[in-house]
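# Topology and contacts: notes
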Amino acid sequence: MTHAQSLLALTATRCALVTIVVMPIPAPSPDARAVVTGASQNIGEALATELAARGHSLIITARREDLLTKLAARLVDKYRVAVEVRPADLANPTERGQLADELASRPISILCANAGTATFGAVADLDPAGEKAQVQLNVLGVHDLTLAVLPGMVERKAGGILISGSAAGNSPIPYNATYAASKAFANTFSESLRGELRKHGVHVTLLAPGPVRTDLPEGDERSLVEKLVPDFLWISTEHTAQVSLDALERNKMRVVPGLTSKAMSVASGYAPRAIVSPIVGAFYKKLGGG
Ligand SMILES: NC(=O)c1ccc[n+]([C@@H]2O[C@H](COP(=O)([O-])OP(=O)(O)OC[C@H]3O[C@@H](n4cnc5c(N)ncnc54)[C@H](OP(=O)(O)O)[C@@H]3O)[C@@H](O)[C@H]2O)c1
């Protein structure tokens, strides 16, 4: 072997070693699990399906066990991956803690912290218990589960965390205050964490979509939100899942599916909050039935 050939071989070996040592999104393996919260419908179901299609074995969670069990059966049948069902109310600290403990003890390759709910209306008029549950789910559901999987990912120098925040977390939204504030937490936590974990080979991507749903019903079957948001703004859950997981593989800071949502997201980032707030608030007041 010439000197040049041995140098090339050494370089190739080093590259291979680097790939092995700092492999950011682990390839699917039989023992590892990708976790999806809020997997019983819409974006979470689509993320679970797309992960299974990419060969990842899963732990799927939400409250409705029947829907999770049906999804698991479909994914096992179609993609031949393992799918474990974990029904849990993530707004309940005990149930959330139990899931977090399990995740901390398992080789979790990917966490999609996706479960979230929204309320519309003036906080003073809304049920305080519902508002508090929303914070438990949207904020602590993301924070507790992320903290549970982080040590293992850092130790293995590999992992991916996809956090479902929202364009709603970019600016103040009267009549959607708890949701907007909880998503501001998710957005900022995700984008801050990413900066800390780059050197550890762990990817963190924020999914901050505009309106996303599986199918848009016709006419009277539409909810108030579906009636007020124009059709062209809705993005499919399948597309959202695909671009989100592609973005996570590339360790993109934020993914905003859809051109219109991207444009609105950029505009809301530059417009003064004092101007945006009353305009957006007037729209959300209608969603709260005001
Ligand atoms: N769709 C959009 O237009 C949009 C836009 C921006 C951001 N996002 C964010 O993206 C994420 C997913 O949105 P989505 O539209 O797919 O939501 P979705 O259709 O409302 O589904 C919410 C998911 O979370 C689960 N969930 C709700 N409460 C829970 C609880 N207490 N404990 C555990 N799981 C709970 C639900 O399952 P169970 O009812 O079975 O528990 C369901 O699987 C959310 O964080 C949302 O805020 C969505």
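For the structure itself, consult the block above.
Residues numbered from 1 in each chain as written. Predicted model: local features only at pLDDT ≥ 70, side-chain atom pairs only at ≥ 80, totals over all residues. Heavy atoms only, no water.

## Comments concerning the side chain of Thr-240
Position of Thr-240 among the secondary structure elements: in helix α8 (residues 237–249). Look at Thr-240 and you get buried, because its relative accessible area is 0%. Polar side-chain contacts of Thr-240 include one of 2.8 Å to the backbone oxygen of Ser-236. Beyond its immediate chain neighbours, meaning those up to four positions away, Thr-240 contacts Ile-43, Leu-207, Val-212, Ile-235 and Pro-257. (Helix = DSSP H or I, 4+ residues; strand = E, 2+ residues; numbered from the N terminus. Buried < 20%, exposed > 50% of the residue type's maximum accessible area, 1.4 Å probe, protein only. Polar contact = N/O pair within 3.5 Å; in protein donor to acceptor, adjacent residues only side chain to side chain. Contact = heavy atoms within 4.5 Å.)

## Quick notes on the nonpolar core
One finds Val-36, Leu-47, Leu-51, Leu-58, Ile-60 and Cys-112 to be the most contacted residues of the largest nonpolar core, which totals 30 residues. Of all the secondary-structure elements, those providing two or more residues to this core are β1 (33–37), α2 (42–53), β2 (58–62), α3 (65–79), β4 (108–113) and α8. For this core, the element with the most residues is α2, which contributes 6 residues. Leave out the neighbours within four places in its chain, and Ile-60 touches Val-36, Ala-39, Ala-48, Leu-68, Leu-71, Ala-72, Val-83, Glu-84, Val-85 and Arg-86. (Core = buried A, V, L, I, M, F, W, Y, C linked by side-chain atoms within 4.5 Å.)

## Re the site of the ligand
Not every one of the 27 residues close to the ligand is listed here, only the nearest: Gln-41, Asn-42, Asn-114, Tyr-179 and Val-212. The contact in question runs from an oxygen atom of the ligand to an N or O atom on the side chain of Arg-64, over 2.8 Å. In this structure, Gly-210 approaches the ligand through a main-chain N or O atom, which is 3.4 Å from an oxygen atom. For the ligand, whose unbound accessible area comes to 880 Å², protein coverage reaches 88%. Going through the elements one at a time, α2 and α6 (177–197) are the ones with two or more residues in the shell around the ligand. Taken together, the residues of the shell around the ligand sort by class into 12 nonpolar, 11 polar and 4 charged. (Near = heavy atom within 4 Å. Areas by Shrake-Rupley, 256 points an atom, 1.4 Å probe, with all protein chains shown as cover. Nonpolar A, V, L, I, M, F, W, Y, C, P; charged D, E, K, R; others polar.)

## Remarks on unusual backbone geometry
We note that Arg-80 has phi near 55 degrees; this positive angle belongs to a residue other than glycine. Within the element layout of this structure, Arg-80 appears in the loop between α3 and β3 (83–87). On the accessibility criterion, Arg-80 (67% relative accessible area) is exposed. You will see that Tyr-175, though not glycine, has its phi angle at about 70 degrees, which is positive.

## Notes on the pattern of salt bridges
Taken as a whole and assessed by the stated rule, the structure comprises 12 salt bridges. A salt bridge links Glu-84 to Arg-86, with the nearest nitrogen and oxygen atoms 2.7 Å apart. Classification of Glu-84 by relative accessible area gives buried; the value is 18%. (Salt bridge = Lys/Arg side-chain N within 4 Å of Asp/Glu carboxyl O.)

## Here's the deal with the packing of aromatic side chains
All chains considered together, the criterion is met by 3 aromatic pairs. Judged by centre distance (5.6 Å) and plane angle (80 degrees), the rings of Phe-283 and Tyr-284 are edge-to-face. We classify Phe-283 as partly exposed; its relative accessible area is 30%. With a relative accessible area of 17%, Tyr-284 lands in the buried category. (Phe/Tyr/Trp six-rings, centres within 6.5 Å; stacked < 30°, edge-to-face > 60°.)

## Things to note about helix α10 (residues 273–287)
The terminal C-alpha atoms of α10 lie 20 Å apart, and with 15 residues this matches the ideal 21 Å at 1.5 Å per residue to within 8%. When the local axis directions of α10 are compared, the greatest deviation, roughly 25 degrees, occurs at Gly-281. All of the buried residues along α10 are Val-276, Ser-277, Gly-281, Tyr-284 and Leu-287. (Expected span 1.5 Å × (residues − 1). Bend = angle between axes of the 7 residues up to and from the residue.)

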